[in-house]
Amino acid sequence: MKQVQKIDSGILQFAPKGAFYEGASDQFKTIFDMWVNLFNYDRTLFCLISLLNGTGFSKGSIGHLLLSNPQLGKELIPKGLSVDYEAQVIKYNLWKEKTPRALKNLLMLAGKENTHSRLIDTAKYGRKRVNNSRTRKIILEYIFNRDHESLDNLAVNYKGKLKKLIRHALGNVDLHKILSGDTYLFDKWIGRYHSNAMPVLFYLFDRDLQKDVVYTHYKKIQQVRLLKKAAIEGDVKNFKKLMKGLPVLTVMGYRNLYKVPIEKEEVYTKSTMSSRQKLTSESAAKRAGADIKVNYKKQDIYDLWKVFFHKVNTQDEENLDKIFSALEFQDKKLDKIDMGETVIILDCSGSMQGSEERPLHPFLTAISIISVIENVKEVIPVGGKGISRKTSDGTQYLYPQGSTKLWKGLIKAVSSGVKNIVVISDGYENNLKGMFEHVYDALKKKGKEFDLIHINPVFSADAKMGTARKLTKDTEALPVTDYKFLETELLFNRMLENKDMVKKLLLNKYTKLIGG
Amino acid sequence: MASIFDLISFENIEADEIQNDDEMTVIPLVGPKLGDIAKPSSLIFERTTTYGSMQFLNQDKKPAIVPSHFMVRGPSAQDHAMSGSGVVIGKQSRTFNDSCCIEQSQGGYLRSQGNVHDVLPITLRKALLSKALRHEQSYQKLWPSITVWLGGLNLSKSGQAHLNFFYNDKNVKEHLEQFAAAFEPVQNQIGAIIFFGRDPVGFEIMSSHDHWMTYWKYLIRGCYGAELLRLKMLGKIAPTGFLLPELSTRMSEEKMSKTLETFTNKLTKEMVEMVGSVPILKSETVDLNGHVETKLITTDRGGGDVVLQDSKPVYVSLVL
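Residues numbered from 1 in each chain as written. Chains lettered and ligands numbered in written order. Predicted model: local features only at pLDDT ≥ 70, side-chain atom pairs only at ≥ 80, totals over all residues.

Engineer: Would you take a moment to explain the overall build of chain A for this structure?
Structural biologist: Helix and strand counts for chain A come out as 23 helices and 7 strands. By the burial criterion, 42% of the 516 residues in chain A qualify as buried. (Helix = DSSP H or I, 4+ residues; strand = E, 2+ residues; numbered from the N terminus. Buried ≥ 20, exposed ≤ 12 C-beta atoms within 10 Å, placed from the backbone.)

So this is what it looks like as structure tokens:
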């Protein structure tokens, strides 16, 4: 009988960003082995777990592994699942992702999303181009199975990526034929999803329009074409007129490429940005003199913390009060998990700063997790450096720095008399090794009744088992690299003990999300 | 006979919480900035000009210090290491012609880009402690020691005095990163005392926290971590830990906390004193640049460099 080695939900939460003390390469190797391990153990389970919350990167990689290995015969497909359930799951995940991530995941199939090749020996780890009837359908359906307006926006915002994907899916020969007017091939691959998509293809591949093809349904494409023309001709007046309502990146791109003499400020003000883009571009826009109105209350709590610490680090006081208020709003609004009265020990040591590629990620994740835990009696920070700002009730904000005395936090937490103790830490004590466990054992022997939950926001390639470093022998570390993944983690904890139960749960989830 | 602490009378430097992971123990040293030394970012490794010559540029007006036995490994070029520390005066380049090649049969000169930096492992640093060998302009002077150092290690490549056979080995690389993980810098840290088990093996002090943050990984990973890993690979060091004080069931939580605090404070004090009392056998000037003097210190089991600015120590790097 096949055996599955230790795995945990880290395999759904991986993003190739490294950690304070590990490069992304080492991490990827570990996680790749886990994907392959679970795939070989139970392909259906491997596919269905991607319905749970996880990173876009992990889901893309799971899809890649499924699509690069032919699906088994019908007789081996579990009851309750359709023959093409793998494709259904992959498509469901793509539509759930934000567009840029979904396109990146598709580009993995084209070998163009080369995050992997930077990381690891691509030949060895199977990161290669995958092109078969399933990938072709998935790519083309994702791009073209949408209404005019949506296709119009997609084409304008992601022209380069779409070109690569379509070329990969169709191949150069069929693409050339379609662009040259082969209606049979067009209908076979694209027209079935969108019969009026030909102008979009012309736009994407920079073919001159036939006179009788007009962009009636694709106003943005038409606007971009005119904007480009104005940029080439140096027609500033027209450029300014046309950039209204177009994506900021597109406008900025033409402005920079053709050196159109208009201020960045004007581009930021007149073109459009998504709500999140506004938040992330706020500083750049401000430097350019533009005043962007950000609705902080609409932002994700993790992003808000990120902006908060960025502002603190750059000594930018503007809008900090609005951010505080938005943080409080989001903290109240988020769905909470109630484990009963809880004390949280928060590791604020230097390694919680994370990697250079993803600064502060572990710490931001940790403080966001606090917001989704109900009934928190006390948060005990350990280590860290106080920063000048304080909360409205006078609590000092901390910045991760220095070493950790986690054992002290444990003593304090147990002394509070609260039964549930959550420690959020990367698992490095930076004190005498084993002190935390020594204290834990002593308190247990003393008869103190408490349940310790160790949440580890840092993926660890050096963890002996699983993907997270442990603090005590009998407390499994739960890898949670995004505060939204707590549910996933809880399900995973049961997987090895009761595979059938988890599979049933996932089948129900499949039926609920995708249908029978 | 003078001891280390007699000779290097630092003011306001204190020992912070002891850190330990398996066989290695580190006591961070915290304190204020020392002297008036250029920021580490202003010191740039430019290139090797001939085999055995390392050139550095100091972009600042103040003097800069190249850490002792600083090592540069680069692509398609002969890797090099300094024979000791080096002082580069303000706004100048300086070429150290007594540097060592550490990659026996590789040709090519290093450039400023694309390199990996570290500090030589303890045994190789000790091999360079004689004044005569340090100043000898012989690019191959460290090869015999490197050959011995690599001997007996089961690496993916072997057979020549190539130090990068060790650092580039896949298993070695992974283990070295773990050393860096277990010993994080603390606030205001400017140095550290390093032990294998309870034996002191290193005493390092930089001019400022900024300098420590720039160079600590080269020391903990490249120098001390590399030596420890080699000893482990050769089976020459046994796992050691500290016997933590018993916490009885009758103890209150407050008492537990005090017991552990007292234990770590006492342990830290004992271990610092152990290093402080190491006798200095010899002290000789090896370099003088205006008000900046470099002394080579010899102790009973090792030694290293102390850099003084206006007669006050601003940098110490001793292998013990």
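So much for the structure itself; the text now carries on.
Engineer: In this structure, what is going on with the overall build of chain B? I would like to understand it.
Structural biologist: Looking only at helices and strands, chain B features 8 helices and 18 strands. Compactness check: chain B gives a C-alpha radius of gyration of 20 Å against a globular reference of 20 Å for 320 residues, within 12% of the reference. Overall, chain B is about 70 × 50 × 35 Å in size when its C-alpha atoms are taken along their principal axes. For chain B, the proportion of its 320 residues judged to be buried stands at 46%. The contacts in chain B between residues at least 6 apart in sequence include a share of 64% that link residues at least 24 apart. (Rg over C-alpha atoms; globule rule 2.2 N^0.38 Å. Contact = placed C-beta atoms within 7 Å.)

Engineer: Which parts of the structure should I look at to understand unusual backbone geometry?
Structural biologist: Comment: phi is negative for the bulk of residues other than glycine, and the bulk of peptide bonds are trans. With a phi close to 65 degrees, Asn319 of chain A is a non-glycine residue in the positive phi region. Within the fold, Asn319 of chain A resides in the loop between helix H17 (301–313) and helix H18 (320–333). Of note in this structure, Ser76 of chain B is not a glycine but carries a positive phi near 50 degrees. By the element assignment, Ser76 of chain B lies in the loop between strand E7 (70–73) and strand E8 (80–81).

Engineer: What exactly am I supposed to notice about the sheet that holds strand E1 (residues 342–347) of chain A here?
Structural biologist: Adjacent strands of a sheet form backbone hydrogen bonds with each other and so pair up, either parallel or antiparallel. Residues and elements named next belong to chain A. One open sheet accounts for 5 strands, arranged E2-E1-E5-E6-E7; its pairing is parallel. The two strands at the open ends of the sheet, each matched to only one other strand, are strand E2 (376–382) and strand E7 (477–479). When the angles between neighbouring strand axes are averaged without regard to direction, this sheet yields 25 degrees. In terms of strand pairing, strand E6 (residues 451–456) meets E7 through 3 bridges, oriented parallel. Bridging across to E7, Ile455 finds its partner in Leu478. (Pairing = 2+ DSSP bridges. Axes fitted to C-alpha atoms, helices over the stretch in contact; angles between N-to-C directions.)

Engineer: I'm lost on the domain arrangement of chain A in this one. Help?
Structural biologist: Interfaces are frequently sized by the accessible area removed from exposure as the parts join. When cut into domains, chain A gives domain 1 (9–210), domain 2 (220–294) and domain 3 (335–481). Here the C-alpha centroids of domain 2 of chain A and domain 3 of chain A sit 44 Å apart. (Domains from an automatic or database assignment.)

Engineer: What is the right way to look at the nonpolar core in this model?
Structural biologist: In a soluble, globular protein the nonpolar side chains are often hidden away together inside. Leu304, Ile345, Leu410 and Val439 of chain A together with Tyr224 of chain B are the most contacted members of the largest nonpolar core, which totals 139 residues. For this core, the element with the highest residue contribution is helix H7 (residues 209–233) of chain B, accounting for 10 residues. Setting aside residues up to four positions removed in sequence, Val439 of chain A forms contacts with Trp407, Leu410 and Ile411 of chain A together with Met256 of chain B. Listed in part, the 81 residues of the second largest apolar core include Leu48, Ala87, Val89 and Leu242 of chain A. (Core = buried A, V, L, I, M, F, W, Y, C linked by C-beta atoms within 7 Å.)

Engineer: Can you walk me through the pairing of E6 of chain A in this structure?
Structural biologist: Residue and element names in this part refer to chain A. The pairing of strand E5 (residues 420–424) with E6 spans 5 bridges and is classified as parallel. Following the sheet pairing, Ile424 is matched in E6 by Ile455. With helix H21 (residues 435–445) bridging E5 and its parallel neighbour E6, the resulting β-α-β unit is right-handed. (Right-handed = clockwise from strand over helix to strand, strands pointing away.)

Engineer: Please explain the confidence of the model for chain A as it appears in this structure.
Structural biologist: As a note on interpretation, predicted positions should not be read in detail where pLDDT is low. Looking at chain A, pLDDT values average 84 and 88% of them are 70 or higher. Ignoring residues within four places in sequence, the model shows residues 114–122 of chain A, a span with pLDDT below 50, making 15 contacts including any to other chains. (pLDDT = per-residue confidence, 0-100.)

Engineer: Mind showing me how you'd approach the sheet that holds strand E5 (residues 54–58) of chain B here?
Structural biologist: Residue and element names in this part refer to chain B. Judged by pairing direction, the sheet is antiparallel, and its 3 strands sit side by side in the order E4-E5-E10 without closing on themselves. Looking at the sheet topology across the chains shown, the edges are occupied by strand E4 (43–48) and strand E10 (93–96). Within the sheet, the average angular offset between the axes of one strand and its neighbour, ignoring direction, is 25 degrees.

Engineer: Would you mind showing me how to read the interface of chain B and chain A here?
Structural biologist: Contacts between chain B and chain A engage 26 residues on the former and 28 residues on the latter. For the side of chain B that touches chain A, the leading source of residues is helix H6 (residues 170–182) of chain B, giving 6 residues. For the side of chain B that touches chain A, the per-class residue count stands at 11 nonpolar, 8 polar and 7 charged. (Nonpolar A, V, L, I, M, F, W, Y, C, P; charged D, E, K, R; others polar.)

Engineer: How should the environment of Lys408 of chain A be read in this particular structure?
Structural biologist: With respect to the element layout, Lys408 of chain A can be found in helix H20 (residues 406–415). On the basis of neighbour counts, which here come to 21 C-beta atoms within 10 Å, the residue Lys408 of chain A falls in the buried class. Separated by 337 residues in the primary sequence, Lys408 of chain A and Gln71 of chain A have C-alpha atoms spaced 53 Å apart. Excluding anything up to four places from it in sequence, Lys408 of chain A contacts Val382 of chain A together with Ser257 of chain B.

Engineer: Got a minute to help me understand H21 of chain A in this structure?
Structural biologist: One turn of an α-helix holds 3.6 residues; hence residues three or four places apart share an orientation. Buried residues of H21 of chain A: Met435, Phe436, Val439, Tyr440, Ala442 and Leu443 of chain A, and no others. The arc enclosing the buried residues of H21 of chain A, seen along the axis, measures out at 165 degrees, which places them on a common side. For H21 of chain A, the secondary structure elements touched by its buried residues are H20 and E6 of chain A together with helix H8 (253–276) of chain B. Positioned one or two residues after H21 of chain A, Gly447 of chain A has a phi angle of 95 degrees, which is positive. (Arc of directions from axis to C-beta.)

Engineer: What should I look at first to understand the pairing of strand E15 (residues 280–289) of chain B in this one?
Structural biologist: A regular strand places its side chains so that they alternate between the two faces of the sheet. Residues and elements named next belong to chain B. Note: E15 against strand E16 (residues 292–299), 8 bridges, orientation antiparallel. Opposite Ser283, over in E16, you have Ile297 as the bridge partner. Between the antiparallel neighbours E15 and E16 lie 2 residues, among them Gly290 with a positive phi of about 60 degrees.

Engineer: Looking at this structure, I do not really get the packing of H17 of chain A against H18 of chain A. What am I missing?
Structural biologist: When two helices pack together, their arrangement is given by the angle between their axes and by how far apart the axes lie. Residues and elements named next belong to chain A. Where H17 contacts H18, the axes come no closer than 10 Å and their chain directions differ by 155 degrees. By the criterion of interaxial angle, the relationship of H17 to H18 is roughly antiparallel. Once H17 is placed against H18, the crossing between them reads as left-handed. Contacts between H17 and H18 pair Ile301, Leu304, Val307, Phe308 and Lys311 from the former with Leu320, Ile323, Ala326, Leu327, Gln330 and Asp331 from the latter. Residue composition of the contact of H17 with H18, grouped by class: 8 nonpolar, 1 polar and 2 charged. (Parallel < 35°, antiparallel > 145°, perpendicular 65-115°, else oblique. Left-handed = near helix turned anticlockwise from the far one by under 90°.)

Engineer: What exactly am I supposed to notice about the environment of Leu34 of chain B here?
Structural biologist: Residue and element names in this part refer to chain B. Along the chain, Leu34 turns up in the loop between strand E3 (24–30) and E4. For Leu34, a count of 24 C-beta atoms within 10 Å corresponds to the buried category. Separated by 57 residues in sequence, Leu34 and Lys91 place their C-alpha atoms 20 Å apart. Each residue touching Leu34, except ones within four places of it in the same chain, is listed here: Ser207, Ser208 and Val314.

Engineer: I keep staring at the environment of Asp310 of chain B and nothing clicks. Help me out?
Structural biologist: With respect to the secondary-structure elements, Asp310 of chain B resides in the loop between strand E17 (303–309) and strand E18 (312–319). Taking the C-alpha atoms as reference points, Asp310 of chain B and Glu293 of chain B, 17 residues apart in sequence, are found 8.2 Å from one another.

Engineer: What should I look at first to understand the packing of helix H9 (residues 159–179) of chain A against helix H10 (residues 183–191) of chain A in this one?
Structural biologist: Residues and elements named next belong to chain A. At a closest axis distance of 8 Å, the pairing of H9 and H10 adopts a crossing angle of 120 degrees. Here H9 is positioned oblique relative to H10, judged by the angle of their axes. Taken as a pair, H9 and H10 cross one another with a handedness that is left-handed. When H9 is examined against H10, the residues Leu170, Asp174, Lys177 and Ile178 are found in contact with a partner set consisting of Leu185, Phe186 and Trp189. Split by residue class, the contact of H9 with H10 holds 5 nonpolar, no polar and 2 charged.

Engineer: It is not clear to me how helix H1 (residues 24–41) of chain A should be interpreted in this structure. Could you clarify?
Structural biologist: Over its 18 residues, H1 of chain A extends 25 Å from the first C-alpha to the last, a length consistent with the 26 Å expected when each residue adds 1.5 Å. If you check which residues of H1 of chain A are buried, you get Ala24, Asp26, Gln27, Phe28, Ile31, Phe32, Trp35 and Leu38 of chain A. (Expected span 1.5 Å × (residues − 1).)

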